[in-house]
Amino acid sequence: MPHFITEYSANIQNDIDFKDFFGRVNIFLGNTGIFPLGGVRSRAIRMDDYVIADARHDYAFIHMTLKVGAGRDLETRQHVAEALFALIDEYFKPLKDQRLLAISFEMTELDPILNYKSNNIHQFLNAQK
């Protein structure tokens with residue numbers, strides 16, 4: 001784990017190269033030394049039905065959530081969250097410079113007991129070294 005989930009307004013669909021963006025996010029998370037690269041999952045969900053602010057302009061939004069497993073202290077999570085948000089804000093700066101865009105990000109910690117996983121990607125990546 002972690003899972004990086006992006007929700008975005010449909011009116012910016014053609015303005016985002018998610019493959020590039022997620023590649024940067026995944027490499028960043030893997031390079032922290034806190035999260036194994038084999039557990040990182042990034043995905044985008046286009047939102048077709050939304051209203052932003054007064055609905056009088058072509059506003060757009062992108063909201064990202066990083067879900068992480070339990071067990072890391074607040075200082076560690078905060079350090080990663082701040083650095084990741086800096087990456088996010090820098091990545092979307094050109095788009096924000098062109099249009100009205102709300103960018104938000106949150107990190108959530110999953111319940112340590114009610115969280116189940118099965119994954120053979122770790123073994124595959126370790127065998128590639």
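Above this text you will find the structure in question.
Residues numbered from 1 in each chain as written. Predicted model: local features only at pLDDT ≥ 70, side-chain atom pairs only at ≥ 80, totals over all residues. Heavy atoms only, no water.

1. Here we look at the pattern of salt bridges
Should the charged atoms of two oppositely charged side chains come close, the side chains can pair.
Argument step 1. Tallied over the entire structure, the rule returns six salt bridges.
Argument step 2. Between Asp 58 and Arg 99 there is a salt bridge, with its nearest N and O atoms 2.8 Å apart. Of this pair, Asp 58 sits in the loop between β2 (41–47) and β3 (60–68) while Arg 99 sits in the loop between α2 (74–98) and β4 (101–109); the two residues are 41 residues apart in sequence, bridging distant segments of the chain.
Argument step 3. Between Lys 96 and Asp 89 there is a salt bridge; the shortest N-O distance is 3.6 Å.
Argument step 4. The class of Asp 89 is partly exposed, set by a relative accessible area of 30%. (Salt bridge = Lys/Arg side-chain N within 4 Å of Asp/Glu carboxyl O. Helix = DSSP H or I, 4+ residues; strand = E, 2+ residues; numbered from the N terminus. Buried < 20%, exposed > 50% of the residue type's maximum accessible area, 1.4 Å probe, protein only.)

2. Thoughts on the sheet that holds strand β1 (residues 3–9)
Argument step 1. Read across the open sheet, the four strands follow the order β2-β1-β3-β4; overall the sheet is mixed. Only two strands of the sheet have a single neighbouring strand rather than two, namely β2 and β4. If you compare each strand with its neighbour and ignore which way they point, the axes differ by 15° on average.
Argument step 2. Where β1 and β3 come together, six bridges link them in antiparallel fashion. Across the sheet, the residue bridging to Thr 6 is Met 64, located in β3.
Argument step 3. Strand contacts of helix α1 (residues 18–31): β1, β2 and β3, with the helix running at about 150° to β1, the strand carrying the most contacts.
Argument step 4. Sheet strands touched by α2: β1, β3 and β4. Its angle to β4, the strand with the most contacts, is close to 160°. (Pairing = 2+ DSSP bridges. Axes fitted to C-alpha atoms, helices over the stretch in contact; angles between N-to-C directions. Contact = heavy atoms within 4.5 Å.)

3. As for the pairing of β2
Argument step 1. Pairing of β1 with β2 involves seven bridges; the strand directions are parallel. Its bridge partner lying in β2, Glu 7 is registered against Ile 45.

4. Observations concerning the environment of Ala 83
Argument step 1. As for its position among the elements, Ala 83 is in helix α2.
Argument step 2. Residues Ala 83 and Asp 111, spaced 28 residues apart in sequence, show a C-alpha to C-alpha distance of 24 Å.

5. Quick notes on the packing of aromatic side chains
Argument step 1. If you walk through the whole model with that rule in mind, you get ten aromatic pairs.
Argument step 2. Taken together, a centroid distance of 6.2 Å and an interplanar angle of 80° make the contact between Phe 4 and Phe 22 edge-to-face. Taken together, the positions of Phe 4 in strand β1 and Phe 22 in helix α1 put the pair 18 residues apart, joining distant regions of the chain.
Argument step 3. For Phe 4, a relative accessible area of 0% puts it in the buried group.
Argument step 4. Three or more aromatic residues joined by ring pairs form one cluster here, namely Phe 4, Tyr 8, Phe 18, Phe 21, Phe 22, Tyr 91 and Phe 92. (Phe/Tyr/Trp six-rings, centres within 6.5 Å; stacked < 30°, edge-to-face > 60°.)

Keep in mind these numbers describe shape, not what the thing actually does.
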